[in-house]
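Descriptive analysis of the structure
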Amino acid sequence: MMQTSSTVAARAAAIRYDRTTIVLHWLTALLVLVLFVLAMLWDFLPRATRTQMHSLHISLGIVLAAVLLLRLAWRATRGRRLPMAAEGLQGKAATAMHYLLYLLLAVQVILGFAWRWAQAETFQFFGLFPLRFATVRNGPLAHSFGDLHDIVGWTIVILAGLHATVALVHHYVLKDGILKRMTGGGGT
């Protein structure tokens, strides 16, 4: 009996990712959203508040780096591997989007650290203790890293928005259950 794409998608949707994968996915999404909102807001605030928001942004960026490393390690070792939710070009596009988002997140974290290093400014890690990555400022390099960090940040947000939109189309329009793979419980 030949299976249609919708049959394959429905069967695949019945399988959910494990809890750890789901938590790391949504934690990544939340961190990206909060980091982006902070960056969009701080220019409109007084200097003292802006400095605090910069420190919070950097602190959360370090948390994002840790979450990303955990997520990649979990995926490589223990995370539940699911069959593709869709066949053909749609499945390949979804896989490509996931890998592209992972790559961009890794690049963004590296750019964030590089930018901080080139700025050579001290910041407070969640207000607990000071951190400084370098002692000599490199203005032109800081500017370049900052520009790249902004471009990659916008790219991540746009692609993540597209990713979320497609998930919502699957859920509300196609009603194929694909979104359920990354929500709710199921598994370890």
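Residues numbered from 1 in each chain as written. Predicted model: local features only at pLDDT ≥ 70, side-chain atom pairs only at ≥ 80, totals over all residues. Heavy atoms only, no water.

1. Here's the deal with the layout of surface pockets
A water-sized probe, rolled over the atoms, reveals where empty space remains. Under the convention used in this document: With a 1 Å grid spanning the protein atoms alone, the term cavity applies to any set of points in which a 1.4 Å probe fits but cannot get out, the term pocket to an open set with protein on both sides within 12 Å along at least five of seven lines, and the term lining residue to any residue with an atom within 4 Å of a point. Grid points are joined across faces, edges and corners, and a volume is the space filled by probe spheres set on the points. Secondary structure elements follow DSSP: runs of H or I no shorter than four residues count as helices, runs of E no shorter than two count as strands, and numbering proceeds from the N terminus. For this classification, Asp, Glu, Lys and Arg are treated as charged, while Ala, Val, Leu, Ile, Met, Phe, Trp, Tyr, Cys and Pro are nonpolar and the rest, including Gly, are polar.
Of the voids in this model, the largest pocket is the one considered here, and its volume is about 1500 Å³. In terms of lining residues, the largest pocket is bounded by 48 residues, among which H25, A94, H98, H163 and M182 are the most central. Elements with a contribution of two residues or more to the lining of the largest pocket: α2 (19-41), α3 (47-77), α4 (88-119) and α5 (139-174). By residue class, the composition of the lining of the largest pocket is 31 nonpolar, twelve polar and five charged. Considered as a void within the structure, the second largest pocket measures approximately 1100 Å³ in volume. Lining of the second largest pocket is provided by 42 residues; of these, W42, H57, I58, W115 and H149 occupy positions nearest its centre. Every element with two or more residues in the lining of the second largest pocket is listed here: α2, α3, α4 and α5. Considering every element that reaches the lining of the second largest pocket, the biggest residue donor is α5, with eleven residues. In terms of residue class, the lining of the second largest pocket is built from 20 nonpolar, 14 polar and eight charged.

2. Section: the pattern of salt bridges
Applied cut-off: By convention in these notes, a salt bridge is any Lys or Arg side-chain nitrogen within 4 Å of a carboxyl oxygen on Asp or Glu.
Using the criterion set out here, one finds one salt bridge in the structure. With a closest N to O distance of 3.8 Å, R116 and E121 form a salt bridge.

3. Remarks on the packing of aromatic side chains
Convention followed: Pairing of aromatic side chains here covers Phe, Tyr and the six-membered ring of Trp, requires ring centres within 6.5 Å, and sorts the geometry by plane angle: under 30 degrees stacked, over 60 edge-to-face, intermediate tilted. The rule is simple: take the accessible area with a 1.4 Å probe, protein chains only, and divide by the maximum for that residue type; under 20% is buried, over 50% is exposed, in between is partly exposed.
Applying the stated criterion to the full structure yields three aromatic pairs. With centroids separated by 4.8 Å and ring planes inclined at 90°, the aromatic side chains of F36 and W154 adopt a geometry described as edge-to-face. Here F36 is found in helix α2, whereas its partner W154 is found in helix α5, with 118 residues between them in sequence. With a relative accessible area of 42%, W154 lands in the partly exposed category. Each member of the aromatic cluster is reached from another via a ring pair, and the members are F125, F126 and F129.

4. Details of the environment of V34
Its location among the elements puts V34 in helix α2. Along the chain, V34 and G61 lie 27 residues apart, while their C-alpha atoms are 9.9 Å from each other.

5. A short note on α4
Short version of the rule: Take the residue count of a helix, subtract one, and multiply by 1.5 Å to get its expected span.
An ideal rise of 1.5 Å per residue puts 46 Å on 32 residues; α4 measures up with 46 Å between its terminal C-alpha atoms. Just downstream of α4, A120 is the residue with a positive phi angle, here 50°.

6. Comments concerning the side chain of S59
Test applied: As used in this structure description, the phrase polar contact means that two N or O atoms lie within 3.5 Å; if the pair is within protein, one of them must be able to donate a hydrogen and the other to accept it, and residues adjacent in sequence are counted only when both atoms belong to side chains. Contacts are assigned to residue pairs that have any heavy atoms within 4.5 Å of one another.
Mapped onto the elements, S59 comes out in helix α3. On the basis of relative accessibility, which here comes to 0%, the residue S59 falls in the buried class. A polar contact of 2.9 Å, which involves the side chain of S59, links it to the backbone nitrogen of F126. Among residues more than four places away in sequence, those in contact with S59 are F123, Q124, F125 and F126.

7. Considerations on unusual backbone geometry
The backbone phi angle of A120 is positive, close to 50°, even though this residue is not glycine. In this fold, A120 is placed in the loop between α4 and β1 (123-125). Taking relative accessible area as the criterion, A120 reaches 5% and is therefore assigned buried.

In short, shape yes, function no, at least from these values alone.
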